[in-house]
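Chain by chain, the residues:
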Amino acid sequence: MDWSDLRIFLAIAREGTLGAAARKIGQTQPTMGRRLRALETALGQTLFQRTADGFVLTDEGTAVLQHAERIEEEAIALERRASGTETQLDGLLRLSSSEWFGTVMLSPVIAAFGERHPRVTVELLTDARLYSLPRREADLVFRIKRFDEPEVISRKLLHIPYALYGRKGSKAPRAGNGSGARVVTMNAEFADMPDAVWLKRTLPNAEIASRSNNRQAQAELCASGGGFAVLPRPLGDRDRRLVALDIGTTPPGRDTFVGYHRDLRRLARLRALLDIVVERLAGEVIS
């Protein structure tokens, strides 16, 4: 096996097409295709599924990706050491989180990380889908459910309190009733979330004005007069159009967990990012 073909493999895995990968590393597209086929032949594995949208890693390709990235990391570390710039990190990191958490909590941390390590590109993926660490869909995942995959290293990052919000100047509804009130809540897929259950139990007679699985959309609906909403306090408190309401009972908060695949535990850029995440967020007191 020609080890330089791993560089071709990594470029295709990251860019998704032969053309984009060729432009990235300054090779021609036919050369890229030929060297990829040579690598697959040497390994006896099909590394990519060719689709109309581009190249998608097979299970075998995902396994090779983990080893190739470690080889790349070691090669880069050797170059840094030889050139006297061993403190410089580079490469790509993919983070996954909910939209509001990525926007409010992670964006300032990523910006601070970028100042320390400007050659590392951080890709932040925010949607309701749970990205898979074992399939390397993301390198670092933040979520409100514990990780139960045996190959994932995880820890509790912080606890986030929630509150009931209304548009500033609105009259608080009466707990245990809610008659005459309108509320914004989670959609049916997430109706069993603790805060949604609390809202239904606390304001049983309230009219459901709208539903959304997007916390930022809920906050905007609430601030625009669309109804009361339960929101994470870091999100709700930053909007001056909203006010947290004291109705004698408080919605349950949620723990946030962070996890990464155990094969990446020695990846220097991931360790550096995790260090600043823990430094900025772990144990943070949110009132």
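Structural data are supplied above this passage.
Now for a description of the structure that goes with this document.

Cut-offs used in this document
Residues numbered from 1 in each chain as written. Predicted model: local features only at pLDDT ≥ 70, side-chain atom pairs only at ≥ 80, totals over all residues. Heavy atoms only, no water. Helix = DSSP H or I, 4+ residues; strand = E, 2+ residues; numbered from the N terminus. Buried < 20%, exposed > 50% of the residue type's maximum accessible area, 1.4 Å probe, protein only. Contact = heavy atoms within 4.5 Å. Areas by Shrake-Rupley, 256 points an atom, 1.4 Å probe, with all protein chains shown as cover. Lys, Arg positive; Asp, Glu negative; His and termini not counted. Charge placed at Lys NZ, Arg CZ, Asp CG, Glu CD. Salt bridge = Lys/Arg side-chain N within 4 Å of Asp/Glu carboxyl O. Core = buried A, V, L, I, M, F, W, Y, C linked by side-chain atoms within 4.5 Å. Patch = residues over 30% accessible without salt bridge, like charges linked within 9 Å, V, L, I, M, F, W, Y side chains within 5 Å. Phe/Tyr/Trp six-rings, centres within 6.5 Å; stacked < 30°, edge-to-face > 60°. Lys NZ or Arg CZ within 6 Å of the ring centre and 35° of its normal. Expected span 1.5 Å × (residues − 1). Bend = angle between axes of the 7 residues up to and from the residue. Pairing = 2+ DSSP bridges. Right-handed = clockwise from strand over helix to strand, strands pointing away. Axes fitted to C-alpha atoms, helices over the stretch in contact; angles between N-to-C directions.

### Here we look at the overall build of the chain
- If you tally the helices and strands in the chain, you get nine helices and 12 strands.
- A principal-axis box enclosing the C-alpha atoms of the chain has dimensions of 70 × 45 × 35 Å.
- The burial tally for the chain puts 48% of its 287 residues in the buried class.
- Taking the contacts inside the chain whose residues are at least 6 apart along the sequence as the reference set, 74% of them involve residues at least 24 apart.
- In the form shown here, the chain has an accessible surface area of approximately 14900 Å², with 48% of it arising from carbon and sulfur atoms.
- Taking the 42 positively charged and 36 negatively charged side chains of the chain as two groups, their mean positions are separated by 4 Å.

### Quick word on the pattern of salt bridges
- This model, assessed by the stated rule, comprises 15 salt bridges.
- A salt bridge links Glu40 to Arg50, with the nearest nitrogen and oxygen atoms 3.2 Å apart. Of the two residues, Glu40 is situated in helix α3 (residues 29-43) and Arg50 in strand β1 (residues 48-51); the sequence distance between them amounts to 10 residues.
- Judged by its relative accessible area of 11%, Glu40 is buried.
- What you see here is one network of salt bridges that share partners, running through Arg14, Glu69 and Glu72.

### What to know about the nonpolar core
- Judged by nonpolar contacts, the single largest core of 52 residues is most densely connected at Phe101, Leu140, Phe142, Leu157, Leu164, Leu273 and Leu281.
- Among the elements that take part in this core, helix α5 (residues 99-116) stands out by supplying nine residues, more than any other.
- Look past the residues within four positions of Phe142 in its chain and what remains in contact with it is Leu95, Ser96, Ser97, Ser98, Phe101, Leu106, Leu157, Phe257, Val258 and Val277.
- In this structure, Ala13, Leu18, Leu47 and Ala68 belong to the second largest nonpolar core, which totals 20 residues.

### Remarks on a positive patch on the surface
- Taken together, Arg70, Arg262, Arg265, Arg266 and Arg271 make up a surface patch of like positive charges.
- Looking at the secondary structure, you find Arg70 in helix α4 (residues 59-83).
- Of the residues examined, Arg70 reaches a relative accessible area of 30% and is grouped as partly exposed.

### Focus on the packing of aromatic side chains
- Inspection of the entire model under this criterion finds four aromatic pairs.
- The interplanar angle of 70° and the centroid separation of 5.7 Å between the aromatic rings of Phe48 and Phe55 together place this pair among those described as edge-to-face.
- The exposure class assigned to Phe48 is buried, which follows from its relative accessible area of 2%.
- You can call Phe55 buried: its relative accessible area is 18%.
- Arranged with centres 5.7 Å apart and planes meeting at 85°, the rings of Trp100 and Phe101 form a pair that is edge-to-face.
- Aromatic ring contacts, followed pair by pair, group Phe9, Phe48 and Phe55 into a single cluster.
- Just above the ring of Phe147 sits the side chain of Arg143; from NZ or CZ to the centre is 3.9 Å.

### Observations regarding α5
- In a regular helix each residue adds 1.5 Å, so 18 residues correspond to 26 Å; α5 covers 24 Å between its end C-alpha atoms and thus fits that length.
- Where α5 bends most, the angle comes to about 55°, and this point is Leu106, followed within four residues by the proline Pro108.
- Within the span of α5, buried status applies to Trp100, Phe101, Gly102, Val104, Met105, Leu106, Val109, Ile110, Ala112 and Phe113.

### What to know about the environment of Glu137
- Within the secondary structure, Glu137 sits in the loop between β4 (120-126) and β5 (140-143).
- Expressed as a C-alpha distance, the spacing of Glu137 and Leu95, which sit 42 residues apart in the sequence, is 9.2 Å.

### Overview of the pairing of strand β3 (residues 91-97)
- Of all the seven residues making up β3, six are buried; the element is thus mostly covered by neighbouring parts of the structure.
- The pairing of β3 with β4 spans seven bridges and is parallel. Directly across from Leu92, in β4, lies its bridge partner Thr121.
- Taken together, β3, α5 and β4 form a β-α-β motif whose crossover is right-handed.
- As paired strands, β3 and β5 are joined by two bridges and run parallel to one another. For Ser96, the partnering residue across the bridge sits in β5 and is Val141.

### Brief notes about the sheet that holds strand β10 (residues 228-232)
- Read from one edge to the other, the open sheet built from five strands follows the order β9-β8-β10-β7-β11, with strand pairing classed as mixed. Because the sheet does not close on itself, it has two edges, and the strands there are β9 (207-211) and β11 (242-244). Strand-to-strand, the axes of this sheet are offset by a mean angle of 40°, without reference to chain direction.
- Bridge count between strand β7 (residues 162-167) and β10: four bridges; the pairing is antiparallel. Each residue of the ladder has a partner; that of Ala163, found in β10, is Leu231.

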